[in-house]
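Understanding the architecture of this molecule
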Amino acid sequence: MKIQFYLRFHTRYGQSLFVSGNIDELGNDQPEKALPMTYLNDEFWYGAIEIKRKELNKALCYKYILKNEDGELIAEWGHDRCAVIPAKDVHELQLTDTWNHAGEYENAFFSAPFKNVLLKGHHGKAKATGDKDYTHIFKVKAPLLSKHEVICLTGNGERLGEWSESNPVIMAKEDDWWVAKIDLSNAGFPLAYKYATWDTKEKKLSTYENGNNRLLYSEAGKKKTTVLHDGFVNIPNDTWRGAGVAIPVFSLRSRNSFGVGEFADIKLLVDWARTTGLKLIQLLPINDTISANTWMDSYPYGAISAFALHPLYINLAKVAGKEYAATLKPYAARQKELNSLEAVDYEEVIKHKLAALKELYALMGKEVLATDDYRHFFRVNKHWLESYAAFCHLRDKYGHSNFEEWKTHAAYSKEAIDKLCSGKSAAAKETGFYFFVQYQLHLQLKEAAEYAHKKGIVLKGDIPIGISRNSCDAWIAPEMYNMDWQAGAPPDDFTAIGQNWGFPTYNWKMMQLDGFTWWKQRFEQMSEYFDAFRIDHILGFFRIWSIPAHAVQGIMGRFVPCLPVHINEFGENGIWFDYQRYCKPFITDEVLDEIFGELAYQVKEQYCWSNNFGGYDLQPAFETQRQVEKYFAGKEEKTDDDERIKAGLMDLISNVILFEEAGTQGQHFHFRISMEKTASFRHLIPHVQEKLKALYINYFFRRQDDFWFKEAMHKLPMLKAATNMLVCGEDLGMVPHCVPDVMKQLGILSLEIQRMPKDPKKEFFHPNDAPYMSVITPSTHDMSTIRGWWEENRDRTRQFYNHVMGQWGEPPQYCESWINRAVILQHLYSPAMWSIFQLQDILGMSDTLRREKPQEERINDPANPNNYWQYRMHLPLEELIKQKEFNEELKGYVLNCGRGN
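Residues numbered from 1 in each chain as written. Predicted model: local features only at pLDDT ≥ 70, side-chain atom pairs only at ≥ 80, totals over all residues. Heavy atoms only, no water.

**A word on the state of the cysteines**
Keep this limit in mind: What counts as a disulfide here is a pair of cysteine sulfur atoms lying within 2.5 Å. Exposed residues in this analysis have more than 50% of their type's maximum accessible area, buried residues have under 20%, and partly exposed residues fall in between, with area computed by a 1.4 Å probe over protein chains only.
Summed over all chains, the structure comprises one disulfide. Take cysteine 421: it sits in no disulfide, and the sulfur closest to it among the cysteines is that of cysteine 472, at 9.8 Å. In this model cysteine 608 remains outside any disulfide bridge; the closest cysteine sulfur is found in cysteine 583, 19 Å from its own. Take cysteine 608: its relative accessible area is 4%, and that puts it in the buried class.

**Observations concerning the pattern of salt bridges**
What counts is decided by this rule: Salt bridge criterion: a side-chain nitrogen from Lys or Arg within 4 Å of a carboxyl oxygen from Asp or Glu. Helix and strand definitions here come from DSSP, where helices need a minimum of 4 consecutive H or I residues and strands a minimum of 2 consecutive E residues; each element is numbered from the N-terminal end.
Throughout the structure, instances matching the rule amount to 41 salt bridges. A salt bridge links aspartate 80 to lysine 141; its shortest N-O distance comes to 2.6 Å. Taken together, the residues span a long stretch of sequence, with aspartate 80 in the loop between strand S7 (73-75) and strand S8 (82-83) and lysine 141 in strand S10 (residues 136-141) at a distance of 61 residues. Taking relative accessible area as the criterion, aspartate 80 reaches 21% and is therefore assigned partly exposed. For lysine 141, a relative accessible area of 5% puts it in the buried group. Put simply, arginine 796 and glutamate 763 hold a salt bridge, and the shortest N to O gap is 3.4 Å. One end of the pair, arginine 796, is in helix H24 (residues 794-804); the other, glutamate 763, is in the loop between strand S35 (750-753) and strand S36 (774-777), with 33 residues separating them in the sequence. With relative accessibility at 34%, the residue glutamate 763 sits in the partly exposed group.

**Some thoughts on the sheet that holds strand S23 (residues 485-489)**
Rules: Should DSSP find at least two bridges between two strands, the strands are regarded as paired.
Pairing is antiparallel in the open sheet, where four strands are placed in the order S24-S23-S27-S28. Two strands bound the open sheet, and with one partner strand each, they are strand S24 (499-500) and strand S28 (558-560). Sheet topology note: the strand S27 (residues 544-548)/S28 ladder contains three bridges and is antiparallel. Paired with tryptophan 545 across the two strands is phenylalanine 559, which belongs to S28.

**Topic: the packing of helix H17 (residues 625-633) against helix H18 (residues 640-653)**
The condition is simple: Orientation is described by lines fitted to C-alpha atoms, with helices fitted over the stretch in contact, and by angles between N-to-C directions that extend from 0 to 180 degrees. Angular relationships are summarised with four words: roughly parallel below 35 degrees, roughly antiparallel beyond 145, roughly perpendicular across 65 to 115, and oblique for the angles in between. Pairs of residues are marked as contacts when any of their non-hydrogen atoms sit within 4.5 Å. For this scheme, ten residues count as nonpolar: Ala, Val, Leu, Ile, Met, Phe, Trp, Tyr, Cys and Pro. Four count as charged, namely Asp, Glu, Lys and Arg, and the remainder, Gly too, count as polar.
Direction vectors running N to C along H17 and H18 enclose 170 degrees, while the axes themselves pass 9 Å from each other. Here H17 is positioned roughly antiparallel relative to H18, judged by the angle of their axes. Of the residues in H18, those in contact with Gln625, Val628, Glu629 and Phe632 of H17 are Asp642, Ile645, Lys646, Leu649, Met650 and Ile653. Of the residues contributing to the contact of H17 with H18, the split by class is six nonpolar, one polar and three charged.

**Considerations on H24**
For clarity, the threshold we go by: Here the arc refers to the set of directions running from the helix axis out to each C-beta atom. Each polar contact in these results corresponds to two N or O atoms within 3.5 Å; when the atoms are within protein, one needs to be able to donate a hydrogen and the other to accept it, and residues that are neighboring in sequence are counted only if both atoms are side-chain atoms.
Buried within H24 we find Thr797, Phe800, Tyr801 and Val804. In an axial view of H24, the angular spread of the buried residues amounts to 115 degrees, which keeps them on one side of the axis. Turned more than 90 degrees off the buried face of H24, the exposed positions are Asp795 and His803. Lining the buried residues of H24 we find helix H23 (786-790) and helix H25 (817-828). Two or three places before aspartate 795, at the start of H24, stands the capping residue asparagine 793, its side-chain oxygen 3.1 Å from that residue's backbone nitrogen.

**Remarks on the sheet that holds strand S14 (residues 177-182)**
With respect to topology, eight strands assemble into an open sheet ordered S4-S5-S1-S9-S18-S10-S14-S13, the strand pairing being mixed. The open sheet has two edge strands, strand S4 (38-39) and strand S13 (172-174), and neither has a second partner. Bridge count for S10 against S14 is five bridges, and the pairing is antiparallel. If you follow valine 140 over to S14, its bridge partner there is tryptophan 178.

**A look at the packing of aromatic side chains**
The condition that has to hold: Side-chain rings of Phe, Tyr and Trp (the six-membered ring for Trp) are treated as a pair once their centres are within 6.5 Å; stacked means planes under 30 degrees apart, edge-to-face means over 60, and tilted covers the remaining angles. For a lysine, the NZ atom is tested; for an arginine, the CZ atom; a charge sits over a ring if that atom is within 6 Å of the ring centre and within 35 degrees of the ring normal.
Scanning the entire structure with this criterion turns up 74 aromatic pairs. Both rings, one in phenylalanine 577 and one in phenylalanine 669, keep their centres 4.9 Å apart while their planes meet at 50 degrees; by these two values the pair is tilted. Taken as a pair, phenylalanine 577 in the loop between helix H13 (567-572) and helix H14 (579-583) and phenylalanine 669 in strand S33 (residues 668-671) lie far apart in primary sequence, 92 residues in all. Side by side, phenylalanine 577 and phenylalanine 669 carry an identical accessibility label, which is buried. Among the aromatic residues, those joined into a cluster by ring pairs are Tyr481, Tyr506, Trp508, Phe516, Trp518, Trp519, Phe523, Phe533 and Phe541. Here the guanidinium or amino end of lysine 141 rests over the ring plane of phenylalanine 110, the centre of that ring lying 4.7 Å away. Its guanidinium or amino end placed over the ring of tyrosine 451, lysine 267 lies 5.2 Å from that ring's centre, counting from NZ or CZ.

**Some details on unusual backbone geometry**
Residue proline 190 is reached from phenylalanine 189 by a cis peptide bond, and omega for that bond is 0 degrees. The omega angle of the peptide bond from valine 560 to proline 561 is -5 degrees, so this bond is cis rather than trans. As for its placement among the helices and strands, proline 561 is situated in the loop between S28 and strand S29 (565-566). Even without glycine at this site, phenylalanine 516 takes up a positive phi of about 60 degrees. Following the sequence through the fold, phenylalanine 516 ends up in the loop between helix H11 (508-513) and helix H12 (517-526).

**Thoughts on the pairing of strand S16 (residues 204-208)**
Pairing analysis gives four bridges linking strand S15 (residues 191-199) to S16, with the strands arranged antiparallel. Bridged to aspartate 199 within S16 is lysine 204. Connecting S15 to the next strand, S16, in antiparallel fashion are four residues, including lysine 203 with a positive phi near 55 degrees.

**Focus: the environment of alanine 343**
Assignment of secondary structure puts alanine 343 in the loop between helix H5 (332-339) and helix H6 (346-368). In the structure, alanine 343 is positioned 97 residues away from glutamine 440 in sequence and 25 Å away in space, judged by C-alpha atoms. Setting aside its immediate chain neighbours within four residues, alanine 343 contacts Gln870 and Arg872.

**As for the nonpolar core**
For clarity, the cut-off: The set of buried Ala, Val, Leu, Ile, Met, Phe, Trp, Tyr and Cys residues whose side-chain atoms join them within 4.5 Å is what this entry labels a nonpolar core.
Judged by nonpolar contacts, the single largest core of 204 residues is most densely connected at Ile266, Trp519, Tyr582, Leu649, Phe671 and Leu692. Top contributing element to this core by residue count: helix H7 (residues 372-398), with twelve residues. Once residues lying within four places of it in the same chain are set aside, the contact partners of isoleucine 266 are Val249, Leu252, Leu283, Leu445, Ala448 and Leu459. Grouped together as the second largest cluster of nonpolar side chains are 28 residues, Met1, Val19, Ile23 and Leu93 included.

**A short note on the side chain of glutamine 704**
Summarising the element assignment, glutamine 704 is placed in the loop between helix H20 (686-701) and helix H21 (705-721). On the accessibility criterion, glutamine 704 (1% relative accessible area) is buried. Apart from residues lying up to four places away in sequence, glutamine 704 is in contact with Cys562, Leu563 and Tyr699.

Remember that the coordinates give geometry; whether it matters functionally is a separate question.
This is the structure in structure tokens:
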């Protein structure tokens, strides 16, 4: 049988197209073995294969791949283009297709949250009017239909009804497609047609699709079947808008929780969301972070495993059940005490929960681990579960998770870990405990997710950009990470010295060798519980701010990968290159006086020595920020002067203009970020300053864009294709020009924040200007809430009050409830697909429900590397559910703003 492929696609010179599919002739889904296509005309590319029917005992599933001039492969979106091989008397199958661009809005509505929950069954029902014997199969998608709408087909010719609005061909719903099987044996070609919506209640054609008529050139044949995949019906595709609430699990409060939010509390939050018309609950990362067994482990982005869930979120009563409920009685008084606290006492909560879990494990662990359901869980998760349990056992044994300092097993060995986890091992009891805990966490989170789905609510998770340096993942495969680098962020509105998150950066080249298996496993496990996810710092997939291990402050970093400045470029731009002046800390008497004041002489004598250039160098013991940090950390008695000197030495070390790229023998250099703010730059003559500025701007804002575009396109398309969760990117900070284009091409939702406009010419972003494929919010966990921000900067508040809110005169001193409400409404009316609000901002609309002090509502301060993540709701969810007047008011706002789809 002959199979012909016709693809509607307009290419440019140098591009080519291929067909990849699940049969030998199409390369068995291996892109490098795909069938090359031939350019037919400006509208179509063509390919053909011959197959033996008896060898094809399955549906033919295939997709198209575009090859760019540079060899880059881009596959079309989706995995649902399949054709059933026709009856035996058909010898030719013609497939006429439309390329499915990943950035099409409609594709979002076939992702997990919409397909499985929000739009499930959201269309009408009517009897299809196709033919039993047919020559053509019309297939098209239309996700945004009302409950009384189906898709119909009409056009010229008798079989298509001669454009009849009363008797079109009613199509049938088959999986994601609307399908019509029609006999066009007697039709005249070319044939013009259109899709339309059919009102099943009124029994009439309600709306034609927009645009020109579609044309069909393929004539019918006695032994030929033509299948048309016509893409999407051309009707408005940006009409669905939803609203959601964002809150970390640890911040939830219920009457039965143990001093911290738990997975079981998500069900109460779902109940409240349902009463208010909210469709989505957004959470922070929920992975295990137990590293040092101190409050520092409260940092949810410092996971010791990218897969394991945090025992902090377990509900002990659900684990115990009725049979072992008595085991928890000794903990009841402490539970009540911890649950009454305003904030989370992380150390006490996790201590008591782990103690109770160990008691329960001793009583019921053997029985639980023998069940078929647990065994299935273990088989599915074995790839991470065994190594995680062994890691936790060794962490407990040695009192810390810095595996490089363990006396045994410092280097990971699969054989050694298999022995450690085997039933015959002396450590089997300890590793089994972590199997038991992870299984219980899985059950509780899965139950919460399924409950949410039944109530029409979807869950959105959070994928951190990094993993902890002392994590199980780094222990198992250190080659997958650049352990001598630290991820962070350049200086911004949060902090002038940048951020150092301490995570090792990803070794993308190594990860790509196995097709990003670790990432795919991560997405697969996450999709067990979540329908959508936020990629924390998506800019890291383009380039990551990388800080060398010897540095402490983020300002000492640079983007990796990045095209450097070659030494010859300085001369070409009229700059005399002086290595000592540009690459070494610029230290003079004037600089020392400026930084240290009356302490300048002491610093000069104790930490510096004179050089041959009329200035000073730091002594070898203080050349790096890590050396300085270690020196002052080792001092038994610290004075205020010590803190000033330490901070000043850090500033001196960062007082450079260029960083030399290691291993390039002085040939390649990178500009230090915020170069113009350094004393080194200020002491240059104006002519040199201007020349360096021009090269600096070229380095950061011009030369990298195409390079970073290609870097992202090597990773993100493959990663996005690995999951059907809705993908949202946190694209804040120093955003390259190529980022919006990549996200638009891939259909990844952007994040828009009113106080952080991406246009540098604007002080505020207006919600009305949000793109449809975006999430809009007035604040995030890294920011103060609406009320907190209102009191931070009087000048900015006045600008916002007068120019964004359109109010006259001086703004109120405090953010009154009507102001908070007005900001919420601005976001609800936005054209963005999703408006998501921190729970604190929602409660800020009520004078009676809002927290008394807005400063207590903030979850994280990025400028503080030692932030204690302990914010908790000030009222129980049970009480919030009972606030009928407020909940009805909020629901009214959501519905009136068109977000009650």
